[in-house]
Amino acid sequence: MSGLSFTEVNALIKKYSKLADFVGPVSDDEITAAERELSVTFSVSYRLFLRKYGCGNFGAQEFFGLGVPSTGIPNVIWTTHWFRHTEKAFPEALVVIYNAGLGEIFCLDTAALDSDGECRVVRWIPGLSVKLQDYEVIAPTFGELLLKYVREQVDRYKARTGECEFRI
């Protein structure tokens, strides 16, 4: 996520704090330990999210992360290990960060880190064989996914409350 995108995410979460329920911040040591536990390197934008917010909800959107016990959802370590153990041939490079509902989860594809330290977010459909998975790219980066969902939740809140912004 570019610095500008993260600035916008932070500003929206601060302005609409009544929609936010996060557990962060999380220390760099905890983030590094999670990477070791999962044998992956998180993307830059996901690390920024973890460092500031840990895990939690914005509106109806729940983002998996750290800062909660590793005994269930929304802990990224527990959730990723659970899929690795219950899904036949679940790729070791995928890190589960979001349950999209309707039988889909979204994952960081850490095997595809680019030169900026970012990776795409892909779809995994539990129960579908590896050969049939299409690894649909949901967002080019975690940061862009986060920004998209934060904006959507703000728009829904404004529509529900009648809040408008006047621009000249």
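Residues numbered from 1 in each chain as written. Predicted model: local features only at pLDDT ≥ 70, side-chain atom pairs only at ≥ 80, totals over all residues. Heavy atoms only, no water.

### A closer look at the pattern of salt bridges
In step 1: Inspection of every chain in the model, using the stated rule, returns eight salt bridges.
In step 2: Here D28 ties to R51 by a salt bridge, and the two come within 2.7 Å at their closest N and O atoms. Separated by 23 residues along the polypeptide, D28 in helix α2 (residues 28-38) and R51 in helix α3 (residues 44-53) bring together distant segments of the chain.
In step 3: E35 serves as the salt-bridge partner of R47, at 2.8 Å between the closest nitrogen and oxygen. Linking R47 in helix α3 with E35 in helix α2, this pair joins segments that are twelve residues apart in sequence.
In step 4: On the accessibility criterion, R47 (17% relative accessible area) is buried.
In step 5: Through salt bridges with shared partners, one network takes in E104, R123, D134 and E136. (Salt bridge = Lys/Arg side-chain N within 4 Å of Asp/Glu carboxyl O. Helix = DSSP H or I, 4+ residues; strand = E, 2+ residues; numbered from the N terminus. Buried < 20%, exposed > 50% of the residue type's maximum accessible area, 1.4 Å probe, protein only.)

### So, the nonpolar core
In step 1: Among the nonpolar cores identified, the biggest contains 38 residues, and F42, Y46, F49, I97, L108 and F142 are the most heavily contacted of them.
In step 2: For this core, the elements supplying multiple residues, two or more each, are α1 (3-15), α2, α3, α4 (76-86), β4 (94-101), β5 (104-109) and α5 (142-161).
In step 3: A total of eight residues in this core trace back to one element, the largest contributor, which is α5.
In step 4: If we ignore the near neighbours within four places in the chain, the residues touching F142 are S43, S45, Y46, F49, F63, I97, L108, C119 and V121. (Core = buried A, V, L, I, M, F, W, Y, C linked by side-chain atoms within 4.5 Å. Contact = heavy atoms within 4.5 Å.)

### Overview of α3
In step 1: Within the span of α3, buried status applies to S45, Y46, R47, F49, L50 and Y53.
In step 2: Backbone geometry just after α3 places G54 at a positive phi near 75 degrees.

### A look at the pairing of strand β6 (residues 121-124)
In step 1: Of the two faces of β6, both are covered, the one formed by V121 and R123 as well as the one formed by V122 and W124.
In step 2: Pairing between β5 and β6: four bridges, direction antiparallel. Bridge pairing links L108 to V121 in β6. (Pairing = 2+ DSSP bridges.)

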